[in-house]
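Descriptive analysis of the structure
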Amino acid sequence: MTRPTAAPVAARMRLRPFATVHDGREGGWHMPGPLVLRIIAAAVVAVLLAGGLGAWLVARSAQHAALERLMERQADEVEAVALLLSSKIEQNQRVLATLAESIPAALLESPGALDVVLRQGLPAARFFDALQIARRDGSLSLQWQNGRLHEGAQLDPAERDQLRRTLLEGKPLVSGVIGSTPADGRIMFSLPLRTAEEGAVVQGALAGTLRLQSQGLLPPSAALPARADSKLVVFTRDGTILAHPDASRVFGRVGDEDGLAPVYEKALQAGQAAVAGRGFSEAVGGHVVSVAGMPLPQWLVARVSDGAASGLDPVAGWRQWGLGRAALVTACAALLAALAIAWFAQPLARVCRRASHAGGADLSGDAPWPRGAGEVDAIGQACRALLQDCRTARQEAGVLQDRFQAVLDHAPAGIVITRAGTLEVVGMEACRLLGYEPHELQGQPARRLYVSDAAYAELGRRVRAEFAAHGAFDGDVCFLRKDGSVVWARVLGRAVRDGATAEASGTVWMLEDLTAAREARRQRDWPAGHDPLTQLANREAFRQRLYALLTDHAQRPVLVRAPHQDGAGAGGHASGPAGAQEESAAGGAFRAAQAADASEEGGAGVVLFLDLDHFTVVNAIAGHDAGDDVLRHVGRLIENQVRHVGWAARLGGDEFAVVLPGCALARGMSIAAQLCAAVHAWEPAYAGRTYTLGVSIGLVPLDGSAYDVSAVLHAADMACYEAKRAGRNRVEVRRLRPEPQGAAASGSAEAY
């Protein structure tokens, strides 16, 4: 039987663009993951914010347009009222001028005749509430009030001043407000009386007075508001209210009016322009205020409208634009956006579900991954590759774990790794040294390995000080074994990662049993042969041991070798006793070492003379205690480098010596170079300051012939001196070769 032909993958993907396949059959709706839910929430919030912002902008724009229309309408209104009041003032002045033309100058001295004239022939006289006629000298000729003559009536001082100003200036004038109460308030219009026969000389003055609330000025109807949400106010330049919808506010101060006070201040700052008849509008504190001026009496007309009651409040604007409908449309759009995102994210949700099943400890599952268009396939491929990498990494980690365990089980030194005071890893040799099994120490606090809390705290202080100064720890530590006995070990500690703190990355410790060494130190003659500061051999012990080495090699049979050819020629100076001489040859140290290797077979080895560079700087700045600490650390460092191939000694001060028995010249040069690099790389720190040290090394190869110890040390010292002269922190070589008796010693120096 033949298998049915499967539809092409591309055709299936076109038929189901949003479907995914798990093992060819998975479908259904899956809850989107947290990321998709956050995207849905962000989309919903964005749609709601966009809808709300759009509605707010539309309402704001409508509010602004309505405000502009209201301000323009009010400005036109107050300008019209100001023009109307100005025309009334001008009309009153014209009526008074007509009356003045009808009064003969000859009657100024006859009040009775003037009264008759005013009663019979001048109806315009009854337009004013009061008339006053003054003579040229300022005396009152006639006081006519409410259509009757009042003899002996006294004028208000402000009225008398108005008449005198008119006589002096010779032009029509309009007074300010006269009176102290609304019922008593009045305005005086005055003009000079002239006669043509006498050359237009001022003969007197005529004044007419009108009450503020008369029909000729400000009748009560002029202050009635056109709307309940606004008020029309007329006030003087000094801020006195002349007309107000509230009669109790007449003769009050403009500064007490809501919304009008700041505009009034602005009008005063504008000077004469504020009363020139041109109106302006401003929105202040929820009020719309429009002001226009009247030039002649220096009055101002203002309309104050409540912005909220005028439909300018934002909430009212939103209501006008159908906030409820806009909110409903926005919510529907947000819901549709959320559903669309959730639908389109279904392939990703299936991939996440598959990934959650593959994220356990078992990475061997081979179930197929969901497939979909575009990014889903890419994510599936990435997940499959990641799972394969995890399997490979787990296998490699297992191999590394096995290797690491082999190192722990078979290393000749004890290995311990601690973190935050806890024993994380303990090697087999360390367990043997301490008398425990590995499972008894792993995960336990390090405190159990010490005799007391005080001893543990003191060691912690030492470790912190050593790490701060040297970046590592090297010292002798007393441990408490499982059986209750104590054991001393030399401990070297370093952070697991260079540059990281021991607390953060952990610390690896190397333990070496010091039982035999400490037993040797208890011998009576041990202090006589060792330096008390560095525990290395002292100068005398070094000389004795070097003498024994030279004597032993001198007594061994020596193979006959071809004489060594040196291309530098000979010439010399005596530098050592008993026929010994030094000869030098120029050239690189490695070339000299390679050329001399053939003749060094069977030699006694090499001697190194070491002198620290810049050690006096540490002593001078950080103090002698820091200097002693540097010497101890350098002694440990040198011993660690040469302990398996030779032995070291401290000759005194900052001078050390190393003997490498049976070591060829090339190997000796390599070890000397390693010592230079190790000392130079170490940067001790004291009192927050770091120091850079170096070491100059003089090297003398020994070929097994009889030498005097003093000659060897002298030659090594001279080589060290040459190293310092050549720039410090380097190695220089000198040779010692016996010559026939009576011949002069010749020396050569080979620089590294």
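Residues numbered from 1 in each chain as written. Predicted model: local features only at pLDDT ≥ 70, side-chain atom pairs only at ≥ 80, totals over all residues. Heavy atoms only, no water.

1. Some points on the overall build of the chain
Per the secondary structure count, the chain includes 20 helices and 25 strands. Across the chain, the fraction of contacts at a sequence separation of at least 24, relative to all contacts at a separation of at least 6, is 61%. With the model as given, the accessible surface of the chain reaches about 39,400 Å², and the carbon-plus-sulfur share is 56%. (Helix = DSSP H or I, 4+ residues; strand = E, 2+ residues; numbered from the N terminus. Contact = heavy atoms within 4.5 Å. Areas by Shrake-Rupley, 256 points an atom, 1.4 Å probe, with all protein chains shown as cover.)

2. Observations concerning the sheet that holds strand β16 (residues 507-513)
The strands making up a sheet associate through backbone hydrogen bonding, with each pair oriented either parallel or antiparallel. In spatial order, the strands read β13-β12-β16-β15-β14; together these five strands make up an open sheet with antiparallel pairing. In this open sheet, the two edge strands, each paired with only one partner strand, are β13 (422-426) and β14 (473-480). Ignoring which end each strand starts from, the neighbouring axes of this sheet average 35° apart. Note: strand β12 (residues 414-419) against β16, five bridges, orientation antiparallel. Within β16, the position partnered with T418 by the bridge is T507. Relative to β14, helix α12 (residues 453-470) is tilted by about 165°, and along the sheet it contacts β14, β15 (486-495) and β16. (Pairing = 2+ DSSP bridges. Axes fitted to C-alpha atoms, helices over the stretch in contact; angles between N-to-C directions.)

3. Quick look at the nonpolar core
In this structure, F189, L206 and V301 are the most contacted members of the largest nonpolar core, which totals 39 residues. Considering every element that reaches this core, the biggest residue donor is helix α2 (residues 34-101), with nine residues. Once residues lying within four places of it in the same chain are set aside, the contact partners of V301 are V78, V81, A82, L85, L232, V233, V234, S290, V291, A292 and M294. Judged by nonpolar contacts, the second largest core, of 37 residues, contains V606, A626, A648 and C663. (Core = buried A, V, L, I, M, F, W, Y, C linked by side-chain atoms within 4.5 Å. Buried < 20%, exposed > 50% of the residue type's maximum accessible area, 1.4 Å probe, protein only.)

4. Comments concerning the packing of helix α17 (residues 615-622) against helix α18 (residues 624-642)
Viewed as axis vectors pointing N to C, α17 and α18 meet at an angle of 145°, and their least axial separation amounts to 6 Å. Residue-level inspection shows F615, V618, N619 and A622 of α17 in contact with α18, the latter providing H624, A626, G627, V630 and L631.

5. Some remarks on the pattern of salt bridges
For the coordinates displayed, the defined rule picks out 27 salt bridges. In this structure, K724 and D613 form a salt bridge, with 2.5 Å as the shortest nitrogen-oxygen distance. Linking K724 in helix α20 (residues 709-725) with D613 in strand β18 (residues 605-613), this pair joins segments that are 111 residues apart in sequence. The class of D613 is buried, set by a relative accessible area of 1%. It is possible to trace a salt-bridge network through shared partners that takes in D474, D476, R490, R636 and E639. (Salt bridge = Lys/Arg side-chain N within 4 Å of Asp/Glu carboxyl O.)

6. Regarding the sheet that holds strand β8 (residues 241-243)
Pairing is antiparallel across the open sheet formed by five strands, whose spatial order is β8-β7-β11-β10-β9. The open sheet has two edge strands, β8 and β9 (280-284), and neither has a second partner. In this sheet, neighbouring strand axes are inclined to one another by 30° on average, regardless of whether the strands run parallel or antiparallel. Across five bridges, the pairing between β9 and strand β10 (residues 287-294) is antiparallel. Opposite F280, over in β10, you have V291 as the bridge partner.

7. Describing unusual backbone geometry
The residue A420 is not glycine, and still its phi comes out positive at about 55°. Turning to its location among the elements, A420 is positioned in the loop between β12 and β13. On the basis of relative accessible area, A420 is assigned to the exposed category, the value being 68%. Positive phi, normally seen in glycine, also occurs at R728, with a value near 70°. Checked against the element boundaries, R728 lands in the loop between α20 and β24 (731-738).

8. Focus on the confidence of the model for the chain
The share of residues in the chain with pLDDT of 70 or more is 76%, and the mean pLDDT across the chain is 77. Counting contacts from residues 1-25, a segment whose pLDDT is below 50, to residues more than four positions away or on other chains yields 27 contacts. Across residues 739-752 the pLDDT falls below 50, and counting only partners more than four positions away or on other chains, this stretch makes 56 contacts in the model. (pLDDT = per-residue confidence, 0-100.)

9. Some remarks on the packing of helix α15 (residues 539-554) against α20
With their axes 10 Å apart at the nearest point, α15 and α20 run at an angle of 110° to one another. By the angle between their directions, the pair α15 and α20 is classed as roughly perpendicular. The two elements α15 and α20 cross, and the hand of that crossing is right-handed. Residues R539, F542, R543, L546, Y547 and L550 of α15 form the contact with α20, whose participating residues are V709, S710, V712 and L713. Of the residues that constitute the contact of α15 with α20, the class distribution is seven nonpolar, one polar and two charged. (Parallel < 35°, antiparallel > 145°, perpendicular 65-115°, else oblique. Left-handed = near helix turned anticlockwise from the far one by under 90°. Nonpolar A, V, L, I, M, F, W, Y, C, P; charged D, E, K, R; others polar.)

10. As for the side chain of D531
Counting through the fold element by element, D531 comes out in the loop between α14 (515-521) and α15. A relative accessible area of 11% means that D531 is categorised as buried. Ignoring sequence-local partners within four residues, the contact set of D531 consists of L536, A537, N538 and R650.

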